[in-house]
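Survey of secondary and tertiary structure
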Amino acid sequence: MSLPSNFEDLISEAEGLSLYKKLIIQLNKDLLYANIDLEFDEETLPTSLKFVLQETVFNLINTKFSDYLNLLYIVDVSEAKVRSLDGSDALKLSEDVTFIILQREWQKVWYKAKYS
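The structure displayed is predicted, hence computed values, not measured ones.

Notes on the overall build of the protein
Within the protein, the regular secondary structure consists of six helices and zero strands. Relative to a compact globule of 116 residues, whose C-alpha radius of gyration would be 13 Å, the protein shows 13 Å and is just as compact. Considered along the principal axes of its C-alpha atoms, the protein spans approximately 35 × 25 × 25 Å. Counting over 116 residues, the protein shows a buried share of 41%. Counted over contacts in the protein with a minimum sequence separation of 6, partners at least 24 positions apart contribute 68%. Accessible area for the protein stands at about 6,900 Å²; split by element, carbon and sulfur atoms hold 52% of it.

Right, here's the structure in full:
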């Protein structure tokens, strides 16, 4: 499996395989496990999904850093990927981390669909 390199590719691949709703379900499940008070409706538009998730990640980075780290752990984001990001700009960092989270959630959904 080759991971999508940007948000648009990820969404088009998910929608093309009819797995976008499962992506949202998986994201909601991990947000719940991480005790983050956020749940997306299955009909959420991709742009809204990205915007709201990025805003949440930004707020976690700035106000609840331990909850942010817990979310990364629950989602199973690679520590090496996060360490490779530039942390000097919290807004850019939140955008990059949001994509990495969605990328990892997509990976989970894709594998479940392929091997179930």
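There's plenty left to go through after this.
A look at the packing of helix α4 (residues 65-75) against helix α6 (residues 90-115)
Between α4 and α6, the shortest axis-to-axis distance is 10 Å and the interhelical angle comes to 25 degrees. In terms of orientation, α4 lies roughly parallel with respect to α6. Considering the relative orientation of α4 and α6, their crossing is left-handed. Here Tyr 68, Leu 71, Leu 72, Ile 74 and Val 75 of α4 lie close against α6, whose contacting residues are Val 97, Ile 101, Arg 104, Glu 105 and Lys 108. Tallied by class, residues from the contact of α4 with α6 come to seven nonpolar, no polar and three charged.

Some thoughts on the pattern of salt bridges
Under the counting rule described, the total for this entry stands at six salt bridges. A salt bridge links Lys 108 to Asp 30, with the nearest nitrogen and oxygen atoms 2.6 Å apart. In this pair, Lys 108 is assigned in helix α6 and Asp 30 in helix α2 (residues 20-33), connecting sequence segments 78 residues apart. Because the salt bridges share partners, they merge into one network encompassing Asp 30, Glu 105 and Lys 108.

Topic: the side chain of Thr 98
Structurally, the position occupied by Thr 98 is in helix α6. On the basis of relative accessibility, which here comes to 1%, the residue Thr 98 falls in the buried class.

Some words on the environment of Thr 44
Secondary-structure assignment places Thr 44 in the loop between α2 and α3 (46-63). Along the sequence, Thr 44 and Met 1 sit 43 residues apart, while their C-alpha atoms lie 26 Å from each other. Those residues in contact with Thr 44 that sit more than four places away from it in its chain are Tyr 20, Ile 24 and Leu 49.

Calculation criteria
Here the residue numbers are simple positions, counted from 1 along each chain's written sequence. Totals for whole chains, interfaces and linings use all residues, but because this is a predicted model, local features are given only for residues with pLDDT of at least 70 and pairs of side-chain atoms are given and counted only at 80 or more. Excluding hydrogens and water, the side-chain figures rest on all heavy atoms present in the structure. Secondary structure counts use DSSP, requiring at least four H or I residues in a row for a helix and at least two E residues in a row for a strand, with both numbered from the N terminus. Our radius of gyration looks at C-alpha atoms and nothing else; its globule reference is 2.2 Å times the residue count to the power 0.38. Burial here depends on accessible area, computed with a 1.4 Å probe over protein chains only, as a share of the maximum for the residue type. Under 20% is buried, over 50% is exposed, and the range in between is partly exposed. Note on definitions: a residue-residue contact is assigned when non-hydrogen atoms from the two residues lie within 4.5 Å. Every accessible area reported is derived by Shrake-Rupley at a probe size of 1.4 Å, with residue values counting cover from the shown protein chains alone. Every axis corresponds to a line fitted to the C-alpha atoms, with the helix fit spanning only the stretch in contact, and the corresponding angles, defined between N-to-C directions, vary from 0 to 180 degrees. Orientation labels follow simple angle bins: below 35 degrees gives roughly parallel, above 145 gives roughly antiparallel, 65 to 115 gives roughly perpendicular, and whatever is left gives oblique. With the far helix as reference, a near helix turned anticlockwise by less than a right angle produces a left-handed crossing, and one turned clockwise produces a right-handed crossing. Amino acids outside the nonpolar list (Ala, Val, Leu, Ile, Met, Phe, Trp, Tyr, Cys, Pro) and the charged list (Asp, Glu, Lys, Arg) are all regarded as polar, and Gly is one of them. Counted as salt bridges are all cases of a side-chain nitrogen of Lys or Arg within 4 Å of a carboxyl oxygen of Asp or Glu.

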